[in-house]
Amino acid sequence: SRLRTFVGKAVSPTGSFTAAMKFQAQLVIATAAFFTVVRARLSRRLLDDALDDLAKCTRVASKFLTAPVSREVAVGRAFTYCATDPQVKESNYVCPHFKEGVERALEHQDYDKQYDAAEFCEATEQYMLDIRGASRVLNTGNGPLLDFQISDKCQDAVA
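Presented here is an overview of the structure given in this document. (Residues numbered from 1 in each chain as written. Predicted model: local features only at pLDDT ≥ 70, side-chain atom pairs only at ≥ 80, totals over all residues. Heavy atoms only, no water.)

## Brief notes about the pattern of salt bridges
Thought 1: Taken as a whole, this structure holds three salt bridges when the rule is applied.
Thought 2: In this structure, Glu100 engages Arg104 in a salt bridge whose closest nitrogen and oxygen atoms are separated by 3.8 Å. With a gap of four residues between them, Glu100 and Arg104 both fall in helix α3 (residues 91-107), about one helical turn apart.
Thought 3: Of the residues examined, Glu100 reaches a relative accessible area of 37% and is grouped as partly exposed.
Thought 4: Among the ionic pairs, Arg104 bridges to Glu107, the shortest N-O distance being 3.1 Å. Of this pair, Arg104 and Glu107 both sit in helix α3, three residues apart, which is roughly one turn of that helix.
Thought 5: Connected through salt bridges with shared partners, the residues Glu100, Arg104 and Glu107 form a single ionic network. (Salt bridge = Lys/Arg side-chain N within 4 Å of Asp/Glu carboxyl O. Helix = DSSP H or I, 4+ residues; strand = E, 2+ residues; numbered from the N terminus. Buried < 20%, exposed > 50% of the residue type's maximum accessible area, 1.4 Å probe, protein only.)

Here you go:
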């Protein structure tokens, strides 16, 4: 039988094929392991960001939700806080949209549920994360959620 040299060693033709297949399998496994680690780190970072957002929301919401309240009261207090917060620029424009987002988020909860700051933020932050993908709809615009730029093609429909 003929022998070939494969990485400095004499092997048979079928042996070199087997070695090449083993190398490819190891490469595939190493690549999969790499992407698993990357995905886990990215997921951890996203989880950390979500927990940070939840904590920030709860700190703010505790200023206007000091005890459990109904959905309507929670929405009203959130809107009033937005409208009177000096850090909110153009509150006449921003706060009605904020109110609408809060209303939509709480629509997915039990109607009779009472909200304290933590429960309010769990519901609203989760809803905002869920709709985050809406910014990726074709021809609506581009950019991250907090700096989204509406496309000219979408401007008339959104305005």
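## A few points about the packing of aromatic side chains
Thought 1: For the coordinates displayed, the defined rule picks out two aromatic pairs.
Thought 2: Considering the side-chain rings of Phe64 and Phe120, the 5.7 Å spacing of their centres and the 90° angle between planes classify their relative orientation as edge-to-face. Of the two residues, Phe64 sits in the loop between α1 (13-61) and α2 (71-84) while Phe120 sits in helix α4 (residues 117-131), which places them 56 residues apart along the sequence.
Thought 3: Taking relative accessible area as the criterion, Phe64 reaches 11% and is therefore assigned buried.
Thought 4: Overall, Phe120 belongs to the buried group, its relative accessible area being 3%.
Thought 5: Its end group placed over the ring of Phe79, Lys99 keeps NZ or CZ at 5.4 Å from the ring centre. (Phe/Tyr/Trp six-rings, centres within 6.5 Å; stacked < 30°, edge-to-face > 60°. Lys NZ or Arg CZ within 6 Å of the ring centre and 35° of its normal.)

## What about the packing of α2 against α3?
Thought 1: One way to put it is that α2 packs onto α3 with a least axis distance of 9 Å and a crossing angle of 155°. Taken together, the axes of α2 and α3 lie roughly antiparallel to each other. The chirality of how α2 crosses α3 is right-handed. Residues Arg71, Ala74, Val75, Ala78, Phe79, Cys82 and Ala83 of α2 form the contact with α3, whose own contacting residues are Ser91, Cys95, Pro96, Phe98, Lys99, Val102, Glu103, Leu106 and Glu107.
Thought 2: Class assignment of the residues belonging to the contact of α2 with α3 gives a composition of 11 nonpolar, one polar and four charged. (Axes fitted to C-alpha atoms, helices over the stretch in contact; angles between N-to-C directions. Parallel < 35°, antiparallel > 145°, perpendicular 65-115°, else oblique. Left-handed = near helix turned anticlockwise from the far one by under 90°. Contact = heavy atoms within 4.5 Å. Nonpolar A, V, L, I, M, F, W, Y, C, P; charged D, E, K, R; others polar.)

## Concerning the side chain of Thr124
Thought 1: Here Thr124 shows up in helix α4.
Thought 2: Beyond its immediate stretch of four places on either side in the chain, Thr124 contacts Cys57, Val102, Ala105 and Leu106.

## With respect to the state of the cysteines
Thought 1: By the definition in use, this model includes two disulfides.
Thought 2: There is a disulfide in this structure between Cys57 and Cys121, and the S-S distance comes to 2.1 Å. Handedness of the Cys57-Cys121 disulfide follows from its S-S torsion of about -85°: it is left-handed. Of this pair, Cys57 sits in helix α1 while Cys121 sits in helix α4, placing them 64 residues apart in sequence. With respect to class, Cys57 is no different from Cys121; both count as buried.
Thought 3: One disulfide bridge connects Cys82 with Cys95, the sulfur atoms lying 2.1 Å from each other. (Disulfide = S-S within 2.5 Å.)

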